[in-house]
Amino acid sequence: MSDELNPPQQAAVRHVQGPLLVLAGAGSGKTRVITEKIVHLVERAGVAARNIYAVTFTNKAAREMNTRIAARLPAERRRGLNVSTFHTLGLNFIRQEFAALGLRPGFTVMDADDSFSLIKNLLHQSDHKDVIEPKALQWQISLWKNELLAPDSFLTHADEDIRAQAQLYAQYQQQLAACNALDFDDLIGRPVALLRQDDAVRERWQARVRYLLVDEYQDTNTTQYEFVRLLVGKLGAFTAVGDDHQSIYAWRGARPENLHRLAEDFPSLSHIKLEQNYRSVNSVLDAANHLIAKDTTTHAKRLWSAIGAGEAHRVIVCAHAEEEAERIATEILQQHFRQQTDYRQFAVLFRGNHQARLIEQALRKLNIPYTLTGGQSFFDRAEIKDAMAYLKLLVNPHDDAAFLRVINTPRREIGTATLEKLGQHAQEWRSSLFAAATSIGIASRLDARAHERLHRFTDWLHGIRSNPGEALATLRRLFADIDYAGYLRTQEASTKAADRRWQHIEEWLDWLEKISREHEDGTMNLPALAQRMTLLGILDQQTREQDSNAVALLTLHAAKGLEFNHVYLAGMEEDTLPHRDCQDEERLAEERRLCFVGITRARLSLTFTLCKRRRRYGEWREITPSRFLDDIPESLLAWQGVGIAQPKAASEAQARDHLAGIMAMLKK
DNA sequence: ACGCCGCGTATTTTT
DNA sequence: TACGCGGCGT
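Residues numbered from 1 in each chain as written. Chains lettered and ligands numbered in written order. Predicted model: local features only at pLDDT ≥ 70, side-chain atom pairs only at ≥ 80, totals over all residues. Heavy atoms only, no water.

1. A closer look at the environment of Pro468
Thinking step 1. Structurally, Pro468 can be placed in the loop between helix H20 (448–465) and helix H21 (471–481).
Thinking step 2. Taking the relative accessible area as the measure of exposure, Pro468 reaches 68% and is therefore exposed. (Helix = DSSP H or I, 4+ residues; strand = E, 2+ residues; numbered from the N terminus. Buried < 20%, exposed > 50% of the residue type's maximum accessible area, 1.4 Å probe, protein only.)

Rendered as structure tokens:
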């Protein structure tokens, strides 16, 4: 990338008077524009860093932006700068306004798992457990929250099913309140509600947010849009950066039309388009341009680059999925050795995670290192979940999810019968389980032994909580107290396995210490640490993967924002991409954009693969190539593979050469 | 408390 | 086909 900003980039950076929408094509340097603009605001426009807010969707993006700014601004000039995810901004807001929201200090942020177990319990106690799927209910509640809809608007709905779901939604909110807890969606929804109703709070925040920058604007949902609108007020000192061509999250509530809704809400809105691409050769961009031209729901943009022409993209047709996987693996191996290409420069992209399995196998067979997103993470380990639950419970004993997780870990001989009664009591009194366990009334519902055990636990928790100290030291003391290491030894057949799991706890403690140190004011207190931990959960998994020199296996969704020299787009088939469950135009258009995102990840080369036949749910099915391939001009594609343009004998000879080449490479 | 069997289902996922 | 979950049986 050149050092100089191009004219539209410069215009975007310098435009500080009034609202601005930057339509930034794939690879057009949007992160650079945002970071340069922050530098510009501080150094030229005289805005104090603490009054500048930049919002992203992922922790990774926020971190990347912080790193880039750190390289451009000295520490004292960027002190107080707010670069964070939407959710972290919401959390910080709530940490300052929690009393007005009816929360007590030390409130819990429940992650998706916690909220799921809460919903399951609620559903279990209701009489809808046979008709409503907990997963579906969680999904519906989240969609409603993303649309800023409260349960009461559905309690009188014509559809009985929806009424029932709304009822459970209301109960879920009550339960969260009883637990002094919020879920992820609340982190944005609750601030929005407060900003709407409380003039003083709104004015305070609007005075604070002197300039707001929002990344990936096409991914905002209704609630996030509203958050932005309320924070910037009438003045509208903000820059929104987005690309409607990369809108691939409508299925989970994103409203890409928010991009264009801005013009209605802010009549003085200026537009700037970034169309020069700094990533890809032109053959890649041509394919992308042709494909996206057929998306009538988005606005025209034409990518171009000064990087060179590039070559036609191969379309490899395989007999079946196993062959497709092997083909991709051997191609990568060949290129790795012949052209001295690092493995990290390759990516294999696909629509669904299940497609990864065969590709993984094929890569493993050839000893090619790879990373896979969406697998089991560090945080899915039982011991880590236990540890996190203990931390959360320490901070907020009313956190039911945490309470249930650790009440009997290690064994305290508190069984399901006791918990059932406790749950009933909590339900009746609209209280948390902890409150129920310590209430006077509970004694009559439980037999003396159970009551005694329960009390031993709550007393113990009280004891630890009332003996404050440094955060990490308190945690270590807690684990020693319950002899968690000993418990692990009872759980594992070998001491070695138990030690490894204890090792994970140590790693987790180190990680917490790191988070704590990264905090601006030195060390964090326990509540802040617990809350931050929940929001960061996934981060380290991602950063770990990036460090290794390995082929990246990614879903198309996970690939957004990344780039690779060589991209393989697997499963270019009808019913896969586009996915079979999208009849309507909206859905189909989103699949097209998904394909667009995949294509525009490639810097130098792009290879499409597909199968003629595929086994689906046990049955062999004939496959039609993806309609998206029809939308790319023939001149940009080079078809090869089974029955395509190559006589059988020739392809067999080629296959032999291929294999011989591979064997030779493997030997050296 | 644990394990097994049978049934139903089967994108994409961040915070 | 495969996997995960719920229910039931030991």
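That shown, we press on.
2. Topic: the pattern of salt bridges
Thinking step 1. Scanning the model with the defined rule gives 42 salt bridges in all.
Thinking step 2. For Arg77, the salt bridge identified is with Glu43, shortest N-O distance 3.5 Å. With a gap of 34 residues between them, Arg77 in helix H4 (residues 75–78) and Glu43 in helix H2 (residues 30–43) connect regions that are remote in the sequence.
Thinking step 3. The class of Glu43 is partly exposed, set by a relative accessible area of 40%.
Thinking step 4. The salt bridge involving Asp265 is made with Arg229; its shortest N-O contact spans 3.6 Å. Here Asp265, found in helix H12 (residues 258–265), pairs with Arg229, found in helix H11 (residues 222–232); they are 36 residues apart in sequence, far enough to count as distant.
Thinking step 5. Accessibility expressed as a relative area gives 27% for Asp265, which makes it partly exposed. (Salt bridge = Lys/Arg side-chain N within 4 Å of Asp/Glu carboxyl O.)

3. Considering the protein's contact with DNA strand B
Thinking step 1. Close contacts around DNA strand B come from 20 residues, with Asn59, Arg351, Asn353, Thr555 and Arg587 the closest.
Thinking step 2. Restricting the count to atoms of DNA strand B within 4 Å of the protein gives a sugar and phosphate share of 44%.
Thinking step 3. Asn353 places a main-chain nitrogen or oxygen 2.6 Å from a phosphate oxygen of DNA strand B.
Thinking step 4. For the surface near DNA strand B, the residue count by class is 8 nonpolar, 9 polar and 3 charged. (Near = heavy atom within 4 Å. Polar contact = N/O pair within 3.5 Å; in protein donor to acceptor, adjacent residues only side chain to side chain. Nonpolar A, V, L, I, M, F, W, Y, C, P; charged D, E, K, R; others polar.)

4. Focus on the pairing of strand E6 (residues 211–214)
Thinking step 1. Side-chain alternation along E6 places Tyr211 and Leu213 on one buried face and Leu212 and Val214 on a second face that is also buried.
Thinking step 2. As defined by bridge partners, E6 adjoins strand E7 (residues 238–242) across 3 bridges and the pair is classed as parallel. Bridging from a neighbouring strand, Leu213 pairs with Thr239 of E7.
Thinking step 3. The β-α-β motif built from E6, the intervening H11 and the parallel element E7 has right-handed crossover chirality. (Pairing = 2+ DSSP bridges. Right-handed = clockwise from strand over helix to strand, strands pointing away.)

5. Thoughts on the protein's contact with DNA strand C
Thinking step 1. Taken together, Arg357, Tyr617 and Gly618 make up the full set of residues near DNA strand C.
Thinking step 2. Taking all atoms of DNA strand C within 4 Å of the protein, the share assigned to sugar and phosphate is 33%.

6. Details of the packing of helix H5 (residues 86–97) against helix H9 (residues 186–197)
Thinking step 1. Closest axis-to-axis distance for the H5/H9 pair is 8 Å, and the angle between their directions is 50 degrees. In this view, H5 runs oblique relative to H9, as classed from their interaxial angle. At the point where H5 passes H9, the crossing takes the left-handed sense. The segment H5 lies against H9, with Phe86, His87, Gly90, Leu91, Phe93, Ile94 and Glu97 engaging Asp186, Leu187, Ile188, Arg190, Pro191, Leu194 and Leu195.
Thinking step 2. Class assignment for the residues of the contact of H5 with H9 results in 9 nonpolar, 2 polar and 3 charged. (Axes fitted to C-alpha atoms, helices over the stretch in contact; angles between N-to-C directions. Parallel < 35°, antiparallel > 145°, perpendicular 65-115°, else oblique. Left-handed = near helix turned anticlockwise from the far one by under 90°. Contact = heavy atoms within 4.5 Å.)

7. Here's the deal with the sheet that holds strand E15 (residues 564–569)
Thinking step 1. Ordered by their spatial adjacency, 7 strands build an open sheet running E13-E14-E12-E15-E16-E11-E19, and the pairing between neighbours is parallel. The two strands at the open ends of the sheet, each matched to only one other strand, are strand E13 (370–372) and strand E19 (637–641). Within this sheet the neighbouring strands show an average axis-to-axis angle of 20 degrees, counted without direction.
Thinking step 2. As judged from the 5 bridges shared by E15 and strand E16 (residues 602–611), these two strands associate in the parallel manner. In the sheet register, Val567 faces E16, and the bridge partner there is Leu606.

No statement about biological role is implied by the geometric values presented.
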